[in-house]
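Single-letter residue listing:
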Amino acid sequence: MWCGRTRALLRVSGLWPTGVLGRRPLNCSAASLAGSNSPRCWNCGGLGGPLRGDRFFCPQCRALQPPDPTRDYFSLMDCNRSFRVDTAKLQHRYQQLQRLIHPDFFSQRSQTEKDFSEKHSTLVNDAYKTLLAPLSRGLYLLKLCGVEIPEGTDYEMDSQFLMEIMEINEKLAEAQGETAMKEMESIVRAKQKELTDNVSRAFERDTAFFTN
């Protein structure tokens, strides 16, 4: 129910689009973690590729390696697998990675490395955007453990919260002038923070699901 409430409020404020994923039973296995034999570089055949950890380049020939398909966003962005994320650290990590793998830096390299660079950059962008927003971060945490929230979950909202959303919508429609809009923005932001804090505490109570 909390996810439906949060998503509905963010839609009111224009911060989140409609449409999410379907639900599956909880299954927090280690399937999302890396676990294969020592790989070899696609270019020189030496040990070191595809990348593990932050080894984006072959230690022998320095060729860019393909992305690790088993690596989750938290690992890629050097964040603890938790709902609480240091967004300043996240942004720093994003900038650090883009300086390493952005396609602009591979214009004179082989076509294979150009292709890998595009894939890396897209993956880093997706990871950054997902972990930056509280709602998408929470949904991703659930997804890692096999729990996905179906589209149309909002019907589970209680009547009191639904009335609150309707009241906010009405006030937004009637708001005139910058002062009124700022007042509404403050109300929405405060409610968003309240819901985000509630979700954070819920994740912390069930932290074993997300760290094992």
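From a predicted model like this one, the values you see are computed outputs, not experimental measurements.

What counts and how
- Within any chain, residue numbers begin from 1 and follow the written order of that chain's sequence.
- The predicted nature of this model means local features are confined to residues of pLDDT at least 70 and side-chain atom pairs, given and counted, to a pLDDT of 80 or more, with totals for whole chains, interfaces and linings taken over all residues.
- Here the side-chain values reflect all heavy atoms present in the structure, with hydrogen atoms and water set aside.
- Patch definition: residues above 30% relative accessible area lacking any salt bridge, with like charges linked at up to 9 Å and the nonpolar side chains Val, Leu, Ile, Met, Phe, Trp and Tyr linked at up to 5 Å.
- Note on areas: Shrake-Rupley, 1.4 Å probe, and residue coverage restricted to the protein chains presented here.
- We define a salt bridge as a side-chain nitrogen of Lys or Arg found within 4 Å of a carboxyl oxygen belonging to Asp or Glu.
- Each residue gets one of three labels from its accessible area relative to the maximum for its type: buried under 20%, exposed over 50%, partly exposed in between, using a 1.4 Å probe on protein chains only.
- A run of H or I in DSSP becomes a helix once it reaches four residues, and a run of E becomes a strand once it reaches two; helices and strands are each numbered from the N terminus.
- Whenever a helix is involved, its axis is fitted only over the stretch in contact; in every case the axis is a line through C-alpha atoms, and angles between N-to-C directions fall within 0 to 180 degrees.
- Working definition: roughly parallel below 35 degrees, roughly antiparallel above 145 degrees, roughly perpendicular at 65 to 115 degrees, and oblique for all remaining angles.
- Contacts are assigned to residue pairs that have any heavy atoms within 4.5 Å of one another.
- Each residue gets one label: Ala, Val, Leu, Ile, Met, Phe, Trp, Tyr, Cys and Pro are nonpolar, Asp, Glu, Lys and Arg are charged, and the others, such as Gly, are polar.
- A residue's pLDDT is the confidence the predictor assigns to it, expressed on a 0 to 100 scale.
- What we call a nonpolar core is a set of buried Ala, Val, Leu, Ile, Met, Phe, Trp, Tyr and Cys residues that are connected through their side-chain atoms within 4.5 Å.

### Concerning a nonpolar patch on the surface
Moving on, step 1. A grouping of Leu162, Met163 and Met166 is seen on the molecular surface, where their side chains present a nonpolar patch of about 280 Å² in accessible area.
Moving on, step 2. On the basis of relative accessible area, Leu162 is assigned to the partly exposed category, the value being 39%.

### Remarks on unusual backbone geometry
Moving on, step 1. Phi angles above zero are rare outside glycine, and Arg62 is one such case at about 65°.
Moving on, step 2. Among the secondary structure elements, Arg62 is positioned in the loop between helix 1 (2-12) and helix 2 (73-76).
Moving on, step 3. Unlike most non-glycine residues, Asp78 shows phi in positive territory, near 55°.
Moving on, step 4. Tracing the chain through its elements places Asp78 in the loop between helix 2 and helix 3 (87-101).
Moving on, step 5. The class for Asp78 is partly exposed, based on a relative accessible area of 44%.

### So, the packing of helix 4 (residues 111-132) against helix 5 (residues 134-144)
Moving on, step 1. Where helix 4 contacts helix 5, the axes come no closer than 5 Å and their chain directions differ by 105°. Here helix 4 lies roughly perpendicular to helix 5, going by the angle between them. On the side of helix 4, the interface is formed by Lys129, Thr130, Leu131 and Leu132, while helix 5 contributes Pro134, Ser136, Arg137 and Tyr140.
Moving on, step 2. Here the contact of helix 4 with helix 5 is composed, by residue class, of 4 nonpolar, 2 polar and 2 charged.

### Some remarks on the confidence of the model for the protein chain
Moving on, step 1. Per-chain confidence: the protein chain averages 78 in pLDDT, with 71% of residues scoring 70 or above.
Moving on, step 2. When mean pLDDT is compared element by element in the protein chain, helix 4 scores highest at 97, while helix 1 scores lowest at 46.
Moving on, step 3. Contacts of residues 1-36 to residues separated by more than four positions or lying in other chains number 96 contacts, the stretch itself having pLDDT below 50.

### Side note on the nonpolar core
Moving on, step 1. Within the largest apolar cluster, 29 residues are counted, with the highest numbers of intra-cluster contacts made by Phe56, Leu64, Phe74, Leu76, Met77, Leu90 and Leu131.
Moving on, step 2. Contributions of two or more residues to this core are made by helix 2, helix 3, helix 4, helix 5 and helix 7 (178-205).
Moving on, step 3. When residues of this core are assigned to their parent elements, the largest contribution, 6 residues, is made by helix 5.
Moving on, step 4. Beyond its immediate stretch of four places on either side in the chain, Phe74 contacts Cys79, Asn80, Arg81, Ser82, Val85, Leu131, Arg137, Tyr140, Leu141 and Leu144.

### Some remarks on the side chain of Ser121
Moving on, step 1. Position of Ser121 relative to the elements: it lies in helix 4.
Moving on, step 2. Not counting residues up to four positions away in its chain, the partners in contact with Ser121 are Gln98, Ile101, His102 and Pro103.

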